[in-house]
Amino acid sequence: MRTLITYIMVFPKRSAFVLIALLLAGVAEALSLTALLPLLSIAVGESIDSDIGKFIVQIFHRVGIEPTLEFILLFIVSGMLVKGCILLLTNRQVGHTVAHVATALRLNLIEALLASRWQYYLRQPVGALANSVATEAYRAANGFEHSVNVLALAIEVLVYSIVALFISWEATLGSLIIGMILFMVLHRLVRATKRAGTKQTQLLRHLLTYLSDVLGSVKSLKAMARDNVADAILHDQTQQLEKATRKEVTNRAALLALQEPILAALTASGLYIALIVWNLSLPEVMVMVFLLTRTLGLLNKMQRRYQQLAVQESAYWALRHAAEDARKEAERTTGTLTPTLERGLSLRHIAFYYDQKPIFKDLSIEVPVRSFTAVIGSSGVGKSTLLDLLCGLAEPKSGEILVDGVALHNIDLRQWRHMIGYVSQDTVLLHDTILNNIIVGEPTLQAEDVEHALKQAGAWDFISAFPDGIHTIVGERGGLLSGGQRQRIAIARALAHRPKLLLLDEPTSALDPESERVICETLQKLAQELTIIAVSHQPAVIQAADRVFILSDGRAELLSNAHPDANPALSELDAAQGEETI
Ligand SMILES: Nc1ncnc2c1ncn2[C@@H]1O[C@H](COP(=O)(O)OP(=O)(O)OP(=O)(O)O)[C@@H](O)[C@H]1O
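Residues numbered from 1 in each chain as written. Predicted model: local features only at pLDDT ≥ 70, side-chain atom pairs only at ≥ 80, totals over all residues.

The chain is annotated in an unreviewed UniProt entry as ATP-binding cassette, subfamily C of Nitrosomonas halophila.

Student: For this particular structure, what's the right way to read the overall build of the chain?
Tutor: Across its full length, the chain carries 21 helices and ten strands. Looking at the chain as a whole, 39% of its 582 residues are labelled buried. Put simply, 78% of the contacts in the chain that link residues at least 6 apart link residues at least 24 apart. (Helix = DSSP H or I, 4+ residues; strand = E, 2+ residues; numbered from the N terminus. Buried ≥ 20, exposed ≤ 12 C-beta atoms within 10 Å, placed from the backbone. Contact = placed C-beta atoms within 7 Å.)

Student: Please clarify how the site of the ligand should be interpreted in this entry.
Tutor: Of all residues adjacent to the ligand, which total 13 residues, the nearest are Tyr-354, Ser-379, Lys-383, Ser-384 and Thr-385. Every element with two or more residues in the shell around the ligand is listed here: helix 6 (118-122) and helix 13 (383-391). In terms of residue class, the shell around the ligand is made up of four nonpolar, eight polar and one charged. (Near = placed C-beta within 6 Å. Nonpolar A, V, L, I, M, F, W, Y, C, P; charged D, E, K, R; others polar.)

Student: I would appreciate a short explanation of the UniProt feature "transmembrane region" (unreviewed entry) in the chain in the present structure.
Tutor: Taken from the UniProt record, the annotation "transmembrane region" (unreviewed entry) applies to residues 71-90, 148-167, 173-190 and 253-274. The annotated region residues 71-90 carries 100% helix and 0% strand content, and the separation between its end C-alpha atoms amounts to 28 Å. Secondary structure over residues 173-190 splits into 94% helix and 0% strand, and the C-alpha atoms at its two ends are 25 Å apart. (UniProt positions renumbered as here; feature names shortened; annotations may be inferred.)

Student: When you look at helix 18 (residues 483-495) in this model, what are you seeing that I'm missing?
Tutor: Because each turn of an α-helix spans 3.6 residues, side chains separated by three or four positions end up pointing in the same direction. Counted at 1.5 Å a residue, the expected span for helix 18 with its 13 residues is 18 Å, and the 19 Å between its end C-alpha atoms agrees. The element helix 18 is extensively covered by neighbouring structure, given that twelve of its 13 residues are classed as buried. Those residues of helix 18 that fall on the buried side of the exposure criterion are Gly-484, Gln-485, Arg-486, Gln-487, Arg-488, Ile-489, Ala-490, Ile-491, Ala-492, Arg-493, Ala-494 and Leu-495. (Expected span 1.5 Å × (residues − 1).)

Student: Honestly, the sheet that holds strand 1 (residues 344-354) in this entry has me stumped. Any pointers?
Tutor: Taken in spatial order, the four strands of this open sheet run 2-1-4-5, and their pairing is antiparallel. This sheet does not close on itself; its edge strands, each paired only once, are strand 2 (357-368) and strand 5 (406-407). In the packing of helix 13 onto the sheet, contacts are made with strand 1, strand 2 and strand 4 (398-403), and the angle to strand 1 comes to roughly 115 degrees. (Pairing = 2+ DSSP bridges. Axes fitted to C-alpha atoms, helices over the stretch in contact; angles between N-to-C directions.)

Student: I tried to follow unusual backbone geometry on my own but got confused; where do I start?
Tutor: Even without being a glycine, Asp-404 presents a positive backbone phi close to 50 degrees. Locating Asp-404 in the fold gives a position in the loop between strand 4 and strand 5. Within the chain, Glu-506 stands out as a residue other than glycine whose phi angle is a positive 50 degrees. One can find Glu-506 in the loop between strand 7 (501-505) and helix 19 (513-526).

Student: Mind showing me how you'd approach the pairing of strand 4 here?
Tutor: Residues in a regular strand project their side chains so that they alternate between the two faces of the sheet. Where strand 1 lies against strand 4, five bridges are found, and the strand directions are antiparallel. Its bridge partner being in strand 4, Ser-346 is matched across the sheet by Leu-402. A loop of two residues connects strand 4 with strand 5, the two strands running antiparallel in sequence, and Asp-404 in this loop sits at a positive phi of about 50 degrees.

Student: Could you clarify how one ought to interpret the environment of Thr-293 in this entry?
Tutor: For Thr-293, the position within the fold is in helix 12 (residues 282-328). Take Thr-293: there are 17 C-beta atoms within 10 Å of it, and that puts it in the partly exposed class. Considering only alpha carbons, one finds Thr-293 and Leu-263, 30 residues apart in sequence, at a separation of 7.7 Å.

Student: So what exactly am I meant to see when it comes to the pairing of strand 2 here?
Tutor: Here eight bridges tie strand 1 to strand 2, and the two strands are oriented antiparallel to one another. Across the sheet, the residue bridging to Ser-346 is Glu-366, located in strand 2. Linkage of strand 1 to strand 2, two consecutive antiparallel strands, is achieved through a turn of two residues, within which Asp-355 is found at a positive phi near 50 degrees.

Student: Could you clarify how one ought to interpret the nonpolar core in this entry?
Tutor: One broad trend across soluble globular proteins is that nonpolar side chains are buried collectively. Ranked by size, the top nonpolar core spans 69 residues in total, and within it Ala-492 and Ala-534 carry the most contacts. Looking at which element gives the most residues to this core, the answer is helix 18, with six residues. Contacts of Ala-534, omitting those with residues within four sequence positions, involve Ala-374, Leu-504, Pro-507, Leu-523, Val-541 and Ala-545. Counting residues in hydrophobic clusters, the runner-up holds 52 residues, among them Ala-25, Val-157, Ala-164 and Ala-196. (Core = buried A, V, L, I, M, F, W, Y, C linked by C-beta atoms within 7 Å.)

Student: Before we go on, may I ask you to explain the confidence of the model for the chain in this structure?
Tutor: Close reading of the predicted structure is inappropriate where its pLDDT is low. On average, residues of the chain score 82 in pLDDT, and 89% of them are at 70 or above. Looking across the chain, the model is least confident in helix 21 (residues 568-581), with a mean pLDDT of 47, and most confident in strand 8 (residues 531-535), with 94. In this model, residues 562-570 is a region of pLDDT below 50 whose contacts with residues beyond four sequence positions or in other chains number 18 contacts. Here residues 576-582 scores under 50 on pLDDT; set against residues more than four positions off or in separate chains, the count is six contacts. Reported for the predicted complex are a pTM of 0.71 and an ipTM of 0.96. (pLDDT = per-residue confidence, 0-100.)

Student: How should helix 16 (residues 447-456) be read in this particular structure?
Tutor: Inspection of helix 16 places Val-450, Ala-453, Leu-454 and Gln-456 among the buried residues, and these make up the whole buried set. Down the axis of helix 16, the sector holding all buried residues measures 160 degrees, keeping them to one side. Relative to its buried face, helix 16 has exposed residues pointing more than 90 degrees away, namely Ala-447 and Glu-448. Residues of helix 16 that are buried sit in contact with helix 15 (434-439), helix 17 (460-464), helix 18 and helix 19. Gly-458 sits one or two residues past helix 16 and shows a positive phi near 70 degrees. (Arc of directions from axis to C-beta.)

Okay, here's the thing in structure tokens:
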């Protein structure tokens, strides 16, 4: 019930439209059916003595129409036709609405997640997100359809009951009470279906999270013949899912199977009481039985719809809670100032912790504009974290990050990030063309910008050699390209929007010496126009940099100001790594 009300409150206009349409369809049908009574009286040659019958005949006379058999038949058929047309329009609207609801739920979750703090986002399993966007959104939208149908059927029951009340209020009340008892008795099956639905939602989440992890590392698993281990776990989860689905289907079938005989028994009893105990006339009894069977039939249909809603509702709540949790963890953007990068960047006395784990204690770094700064240090010392701080993906606990002397927390983060080109350590390309892999997220980019960036990144030569050039599909996670080719495309992606600050996390780790030399030369050239900070272990990058900082013990130390032939940073790095191993 809570889900039903929530759906209506979340999508009020669409629900109202569908409901009104369904209501009109119900009224059209009920009105045409009320004509049944005089029709039957005329058909069997009896005088019309019921109130409703007289009332209808009076209305016909008032509008100057003689209620002949032909006319009443035509009236009923027209009523049904109107109902059919309204239903057609309604169902069309329901279809549109279901698609709209699914899209709205998907976008809501994706937007909330993308706007969340980086630390929160990092903890979300990708498979669960894919499951939410695909399966849960679809199931939740179907739940909306069932909700509106439950409401529409409830209104139809009301309309039918009102019509039936005019004929015999005793029989109507009696059958509604019996209908309610039936509803309550069979509600156990609805509750069991709800549990099966919740189980399915949980299992699908786990299954898809695990599946996406397995598929992400399938190469190494296959190479070590461990893919059967994944099989076993997936098999087990699939079996549990099958069990939950079986329960749901069985409960649904049981509800359907039990409703019909109970309804038949009730109708037979009603017929007996009306004919034998109350001595009603045959036309009256026939119309009444028709209306009551229909009312109880509608009640049953409503319960079946409600059962289907119970299966899907857990998907809606799972999706909604995921979005709400993400919104609670939304990135705080307090800054409003427009950033410039004319003088340089300063990190002053930065302290940073992951939970309780200290990464930086007192980190200070100065980076002038139009320079190439390399940051080195042993693994796990905090090099990538430093780049996260510069992008505003992580916030220092104390100390300041200044951009042209303005504190980063006073700067509009989105504008600041628009000025950044970022190449991450693990280059993951989209399963799309090279062109789209570079344009991604920046609709203003043209093919010329892409070509320029590819040339800057030293990728143009190998791409022009492909038969489809920049329209070549790179495969799943860029799997159809070599590691070095992927990295150069990632660098081109970072350069395409002509950033002012280029941040690179191990930019040449997958390159052969020749490609690395080309990239380093490119970076040196680029440093004449923009500011570059590269985290690296590669000697070539360290040698190419103007300035090298080494991170250790939560601090940064400047090692050189130029790139001499024998860079002291390299021996410092070796020493630091040696200490780490000891
Ligand atoms: N999101 C996170 N939550 C908690 N701890 C983290 C998180 N990210 C990194 N760490 C930890 O913080 C430390 C610094 O990580 P970081 O990735 O910055 O190191 P790094 O110097 O770039 O390492 P590498 O050279 O191996 O890439 C590591 O010990 C890591 O385990």
